[in-house]
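Spelled out, the chains give:
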Amino acid sequence: MQILIDQQSFTPNRVFCIGKNYGEHVKELGGKTPEEPVVFMKPVSSIVAPGESLFMPRHGNLLHHEVEVVLSISREGQDIPQANALSFIAGVSLGLDLTLRDVQVRLKKSGLPWELSKSFEQSAPLGLFKAYNPDSIDLENLSFTCSVNGKLRQQGKTRDMIFPIKNLIHTLSGWWTLRPGDIIFTGTPAGVGPLKAGDRVDIESPDIGLFSWTLFTFGEIGYFYRRVF
Ligand code: MG
């Protein structure tokens, strides 16, 4: 798989995701504010390019959209200080951390890992990346939205993050050696909600672009349209 940053392509390495990173979202799910970033991962094979056919998962009953600002990493780093963390960012995009909420609630109750609810096939629709340039993208005050069938569902600003982007890069690079091609979903604002077959999801930021997917029932159409980035 290749992913584009402007016209340059790169091979994704890992997909890190941050949970519970906006106060209003933590509240809507009835959780506790975390004391350090909540980290989980999705397989690279779960990425879905913009416009590629997106199917309802075969398991679970409640699929939720979570729009997120997504970063890609440009170079190797370990224990990256917050002060120069932003210099490790190659590109900025938007993505959907698709979540089977009913499955997640069940797993949480039993104290089990989240993979079945977060890391299923096609759980990471991802837009195209814009090359990161601090003069044109203010990562600490980026606005972004998610609409379903033209109705606004989520509206976020990165300045509302509990752990800002430089903190996330610092923390992740303490646990892992960050490498080129690593991708980070940075958490979702409030307004998450259900998706059903036939829905069109649009995620947008004036500074990054607009990316859309339509949800099909599994097996509804006779072919699988796999877009090459
Ligand atoms: Mg999320």
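Before reading further, recall that the structure is shown in the block above.
Since this is a predicted model, take the numbers as computed values, not measurements. Residue positions are given per chain, counted from 1 along the sequence in the order it is written. It should be noted that, the model being predicted, local features are given only for residues of pLDDT at least 70 and side-chain atom pairs only at 80 or more, the latter also being counted only at that level, while totals for whole chains, interfaces and linings use all residues. Side-chain metrics rest on all non-hydrogen atoms present in the structure, leaving aside hydrogens and water.

Chemist: Even after reading the chapter, I still don't get the overall build of the protein, so can you show me in this structure?
Modeler: Of regular secondary structure, the protein possesses four helices and 18 strands. Relative to the 2.2 N^0.38 estimate, which gives 17 Å for 229 residues, the radius of gyration of the protein is 16 Å and therefore close to what a compact globule would have. Seen along its three principal axes, the alpha-carbon backbone of the protein occupies a region of about 50 × 40 × 30 Å. Only protein chains enter the accessibility calculation, which uses a 1.4 Å probe. A residue is then buried if its area is under 20% of the maximum for its type, exposed if over 50%, and partly exposed in between. Sorting the 229 residues of the protein into buried and exposed places 51% on the buried side. Residues count as neighbours in contact if any of their non-hydrogen atoms are within 4.5 Å of one another. By sequence separation, contacts in the protein at least 24 residues apart represent 77% of the contacts at least 6 residues apart. With the model as given, the accessible surface of the protein reaches about 10,700 Å², and the carbon-plus-sulfur share is 51%. For the protein, the centre of its 23 positive side-chain charges and the centre of its 24 negative side-chain charges are spaced 5 Å apart. By definition, any uninterrupted DSSP run of H or I lasting at least four residues is a helix, any uninterrupted run of E lasting at least two residues is a strand, and each is numbered from the N terminus. We compute the radius of gyration over the C-alpha atoms and compare it with the globule rule, which gives 2.2 Å times the number of residues raised to the power 0.38. Here the Shrake-Rupley method, with its probe set to 1.4 Å, supplies the accessible areas, and only the displayed protein chains count as covering residues. The convention is simple: Lys and Arg are positive, Asp and Glu are negative, and His and the chain ends are not counted. Note that the charge is assigned to NZ on lysines, CZ on arginines, CG on aspartates and CD on glutamates.

Chemist: It is not clear to me how the coordination of the magnesium ion should be interpreted in this structure. Could you clarify?
Modeler: In an ideal tetrahedron of four donors about a metal, each angle is 109.5 degrees. In an ideal octahedron of six donors, the angles are 90 or 180 degrees. Metal coordination here is assigned from N, O and S atoms located within 2.8 Å of the ion, or within 3.2 Å for Na, K and Ca; omission of water means that sites may look incomplete. Distances from the magnesium ion to its protein donors, Glu66 (OE), Glu68 (OE) and Asp97 (OD), fall within 2.0 to 2.1 Å. Every donor residue of the magnesium ion comes from the same chain, spaced as E-x1-E-x28-D. Of this pair, Glu68 sits in strand S8 (residues 67–73) while Asp97 sits in the loop between strand S9 (89–96) and strand S10 (99–100); the two residues are 29 residues apart in sequence, bridging distant segments of the chain. Neither Glu68 nor Asp97 differs from the other in exposure class; each is buried.

Chemist: Got a minute to help me understand unusual backbone geometry in this structure?
Modeler: Apart from glycine, the bulk of residues carry a negative phi angle, and the bulk of peptide bonds sit in the trans form. The backbone of Asp79 shows a phi angle near 45 degrees, a positive value even though the residue is not glycine. On the secondary structure map, Asp79 appears in the loop between S8 and S9. You will see that Asn149, though not glycine, has its phi angle at about 50 degrees, which is positive. Tracing the sequence through the fold places Asn149 in the loop between strand S13 (143–148) and strand S14 (151–157).

Chemist: Any chance you could explain the sheet that holds strand S16 (residues 193–195) here in plain terms?
Modeler: Within a sheet, adjacent strands bond to each other through the backbone by hydrogen bonds, running parallel or antiparallel. DSSP calls a pair of strands paired once it identifies at least 2 bridges connecting them. As summarised here, the arrangement of the three strands in space is S10-S7-S16, forming an open sheet in which the pairing is antiparallel. Of all the strands in the sheet, just S10 and S16 have a single pairing partner and so form its edges. Two strands pair when backbone bridges link them, and strand S7 (residues 63–65) and S10 are joined in this way by two bridges, in the antiparallel orientation. Considered in S10, the bridge of His64 is made with Thr99.

Chemist: Please clarify how the pattern of salt bridges should be interpreted in this entry.
Modeler: Pairing of side chains with opposite charge becomes possible as their charged atoms draw close. What makes a salt bridge here is a side-chain nitrogen of Lys or Arg within 4 Å of a carboxyl oxygen of Asp or Glu, nothing more. Under the criterion given, the structure shown has nine salt bridges. In this structure, Arg101 engages Glu66 in a salt bridge whose closest nitrogen and oxygen atoms are separated by 2.7 Å. Here Glu66 lies in the loop between S7 and S8 and Arg101 lies in helix H2 (residues 101–109), a separation of 35 residues in the sequence. Arg101 gets classed as buried once you look at its relative accessible area, which sits at 5%. Overall, Glu66 belongs to the buried group, its relative accessible area being 3%. A network of salt bridges, in which partner residues are shared, links Lys42, Glu66, Asp97, Arg101 and Lys118.

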